[in-house]
Amino acid sequence: MSVRPRSGVQIPALTAQVARTSNPRGTTAMWVRDRLDGLWQDEDFEAWYPRDGRPGLSPAQLATVCVLQFLLNLSDRQAAEAVRCRLDFKYALALELDDPGFHHSVLGDFRDRLAKDDRADRLLDLALERLKAAGLVKARGRQRTDSTHILAAARELTRLELVLEAVRAAVEELARTAPGLLDGLVTAEWGERYGRQVRMCSQPSHPVTRLTQAGTDAADLLTRFQRHRPGHRPGPQLEALRQIMVQQFTVDARGRLRPRHEKDGLVPARVRIESPYDLEARWVRRGHTRWTGYLAHVTETCDDGSVNVITDVATVVSAADSQALPAIHARLKRRRLLPAQHLVDGGYTSVTGFDAATRTHKIALVGPLPANSSQQRARDAGFARENFIIDFDRREVTCPNGKVSGNWNEPPAMAPFTVVRFDKRQCGPCPEKSSCTSGAARTVNFLPRHLHELQARNRADQQDHQWKRLYASRSGVEGTVHELATSHRARRCRYHGTAKTHVQHVLTAIAINIERLSEQEPENSAYRPRPPTAFQQYLDARELPRPLWWRQGK
């Protein structure tokens, strides 16, 4: 299937007339066509399709339908029906009123094409480029980032349910593709165990025996496939079963297959498969929140007096927030939308991250650095590192009691810290030793000079009123995260796998941008914001604080 560009297609006159008459104020779909002349052109997608083959449907139209679908929380069938029946959809797609549309399965095929490589991010690039051209978003402003948990499109399974369901899925796959392989292996007991979806009570009977039996059945199934089809690649469910068997079972000294115990070394959560249908979803625990799925990082603009536009969305398997920041900056650089100030919470911050953002992208990260975790600081008693005077020029450290140590050890030997050790002859007779160290002598660790000064400056800035006022605007991104996860139903994945889930998040982010921008009143509008109440005016006159809308960052 190939692309036949349709650039310059005009809205049919009858479609425009009826849509405008029926919707004199317009709709979001109509705003896309009027304000942006559509988000994409067919030429933008030519590299995704072969050059020969019969002409396919317009990819620009399909991408627009996908965005409107996520904007209105429609299923594929409902979106295809909207293309056939809704006037504003026909207006946005420049279709005739009698255009029959397309089959709903086309949207699934387009999303599969979109999930390959980094095409989803490229789609967001194109949309943001069009918004930049329309003057709706700009670089070197202020942006903010936060993350949220995403639930996989699969129910949580116990260890026994996981193995039983994996065997059942593999048997279903072979029954469709190679039923002859099951002859002579499947018995009435197999039908009893795997004839329907596995759902168990909280305390099933004989769980270890049933788990061992399921492992034996899985091993027999995999052995039969290898013996009867040597050299053939197993299907996705059979491959999932093989990986689950490696993770959940082991062979003992007698050559018997048995479930893994803690002494055998259990598979860590970061690589452990939690569902045979989504091999990339992982079990994650953050504080009091536990889930099986992914993590989404959302970045948006937050300049005063402008609409907040989502500039990046990342879907990752469980990882520290700080590890996602370099990739976010790299994508923003590619889009020419790097901020001058980037507001993040403590999960994203580190001294090296602050330094790298400044040196590489000239971005000023705004966020709290992790506090000093020393025992003295934790107990809030004794002498912490801040109580020592560090002289980088003389390479000396002076303790609060006036003792000087020149035992200076720099990276790379002690990377990443510089380590200074006091002599026990200095610390032994010191009357303040009990408040300083529990060992024979005190050791002081600190970062290299430029990082140490950066750390000290950040911690001093956190006490400044202006810094607190600036950082307060970061909290607005939590409303955007809620909008993405709840209002547009992105909390739970629609699809399996990181790639397809990322497509869902990108399309949702574009939909939120369009919704926000389309709701802005034009310059010639008669709308005026509601004036302050009498009590609010009273507070303002006396310069007393009053609560404002969270988007204003107060």
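Definitions and cut-offs
- Residues numbered from 1 in each chain as written.
- Predicted model: local features only at pLDDT ≥ 70, side-chain atom pairs only at ≥ 80, totals over all residues.
- Heavy atoms only, no water.
- 1 Å grid on protein atoms, 1.4 Å probe; cavity = no way out; pocket = protein on both sides within 12 Å on 5 of 7 lines; lining within 4 Å.
- Points joined across faces, edges and corners; volume = space filled by probe spheres on them.
- Pairing = 2+ DSSP bridges.
- Helix = DSSP H or I, 4+ residues; strand = E, 2+ residues; numbered from the N terminus.
- Core = buried A, V, L, I, M, F, W, Y, C linked by side-chain atoms within 4.5 Å.
- Buried < 20%, exposed > 50% of the residue type's maximum accessible area, 1.4 Å probe, protein only.
- Domains from an automatic or database assignment.
- Salt bridge = Lys/Arg side-chain N within 4 Å of Asp/Glu carboxyl O.
- Lys, Arg positive; Asp, Glu negative; His and termini not counted.
- Contact = heavy atoms within 4.5 Å.
- Polar contact = N/O pair within 3.5 Å; in protein donor to acceptor, adjacent residues only side chain to side chain.
- Axes fitted to C-alpha atoms, helices over the stretch in contact; angles between N-to-C directions.
- Parallel < 35°, antiparallel > 145°, perpendicular 65-115°, else oblique.
- Nonpolar A, V, L, I, M, F, W, Y, C, P; charged D, E, K, R; others polar.

Going by an unreviewed UniProt entry, the protein chain carries the name Transposase and comes from Streptomyces eurocidicus.

Student: What exactly am I supposed to notice about empty space enclosed by the protein here?
Tutor: Rolling a probe over the atoms, with the probe sized like a water molecule, indicates the empty space that remains. Tallied over the entire structure, the rule returns 1 cavity of 30 Å³ or more. Volume-wise, the largest cavity comes out at about 130 Å³. The wall of the largest cavity is formed by 14 residues, among which C399, N401, C427, C430 and C436 lie closest to the centre.

Student: What am I meant to see in the pairing of strand 4 (residues 282–286) here?
Tutor: Remark: a regular strand shows side chains that alternate across the two faces of the sheet. Across 5 bridges, strand 4 lies against strand 5 (residues 289–301) in antiparallel orientation. Across the sheet, residue W283 finds its bridge partner in strand 5, namely T292. The hairpin formed by strand 4 and strand 5 contains 2 residues between the paired strands, and G287 there has a positive phi angle of roughly 65 degrees.

Student: Please clarify how the nonpolar core should be interpreted in this entry.
Tutor: In summary, soluble globular proteins display a tendency toward joint burial of nonpolar side chains. W40, F45, F110, L123, L507 and I510 are the most contacted members of the largest nonpolar core, which has 75 residues in total. Counting the residues that make up this core, at least three belong to each of domain 1 (13–116 + 522–551) and domain 3 (373–454). Counting residues in each nonpolar core, the second largest holds 29 residues, with L157, V163, V167 and Y194 among its members.

Student: I would appreciate a short explanation of the sheet that holds strand 12 (residues 408–409) in the present structure.
Tutor: Within a sheet, adjacent strands bond to each other through the backbone by hydrogen bonds, running parallel or antiparallel. Within the open sheet, the 3 strands sit side by side as 12-13-14. Their pairing is antiparallel. Because the sheet does not close on itself, it has two edges, and the strands there are strand 12 and strand 14 (443–446). Pairing between strand 13 (residues 418–421) and strand 14: 4 bridges, direction antiparallel. Bridging across to strand 14, T418 finds its partner in F446.

Student: Can you help me understand the sheet that holds strand 11 (residues 404–405) in this one?
Tutor: Strand order in the open sheet formed by 3 strands is 9-10-11, and the pairing between neighbours is antiparallel. Looking along the sheet, the strands with just one partner apiece sit at the ends: strand 9 (389–391) and strand 11. Summarising the sheet, strand 10 (residues 396–398) and strand 11 pair through 2 bridges and their orientation is antiparallel. Bridging across to strand 11, T398 finds its partner in V404.

Student: How do you make sense of the pattern of salt bridges when you look at a structure like this?
Tutor: A side chain with one charge can pair with a side chain of the opposite charge if their charged atoms come near. One pass over the full model with this rule turns up 32 salt bridges. The salt bridge partner of E300 is R144, with a shortest N-O separation of 2.8 Å. Placement of E300 in strand 5 and of R144 in strand 1 (residues 142–151) is noted, with a sequence separation of 156 residues between them. For E300, a relative accessible area of 0% puts it in the buried group. For R144, a relative accessible area of 1% puts it in the buried group. Between E274 and R272 there is a salt bridge, with the nearest N and O atoms lying 2.9 Å from each other. Taking the relative accessible area as the measure of exposure, E274 reaches 13% and is therefore buried. Here the salt bridges do not stand alone but share partners, grouping D118, D121, R122, D125, D312, R331, R334 and R335 into one network.

Student: Honestly, the side chain of R119 in this entry has me stumped. Any pointers?
Tutor: Mapped onto the elements, R119 comes out in helix 7 (residues 119–133). In this structure R119 is buried but unpaired, with D117 as the nearest side chain of opposite charge at 4.6 Å. Not counting residues up to four positions away in its chain, the partners in contact with R119 are W48, R113 and L114.

Student: Any chance you could explain the side chain of R442 here in plain terms?
Tutor: Looking at the secondary structure, you find R442 in the loop between helix 15 (424–427) and strand 14. Buried R442, no salt bridge; nearest opposite-charge side chain is E386, N-O distance 7.6 Å. A distance of 3.0 Å separates a polar side-chain atom of R442 from the backbone oxygen of F383. From its side chain, R442 meets the backbone oxygen of C436 in a polar contact 3.0 Å long.

Student: Mind showing me how you'd approach the packing of helix 3 (residues 59–71) against helix 19 (residues 498–518) here?
Tutor: The angle between the axes and the distance between the axes are what describe a pair of packed helices. Interaxial distance between helix 3 and helix 19 falls to 8 Å at its minimum, and their mutual angle equals 80 degrees. Accordingly, the angle class assigned to the pair helix 3 and helix 19 is roughly perpendicular. Here helix 3 contributes C66, V67, F70 and L71 to the contact with helix 19, which in turn contributes Q504, L507, T508, I510, A511, I514 and E515. Looking at side-chain class alone, the contact of helix 3 with helix 19 contains 8 nonpolar, 2 polar and 1 charged residues.

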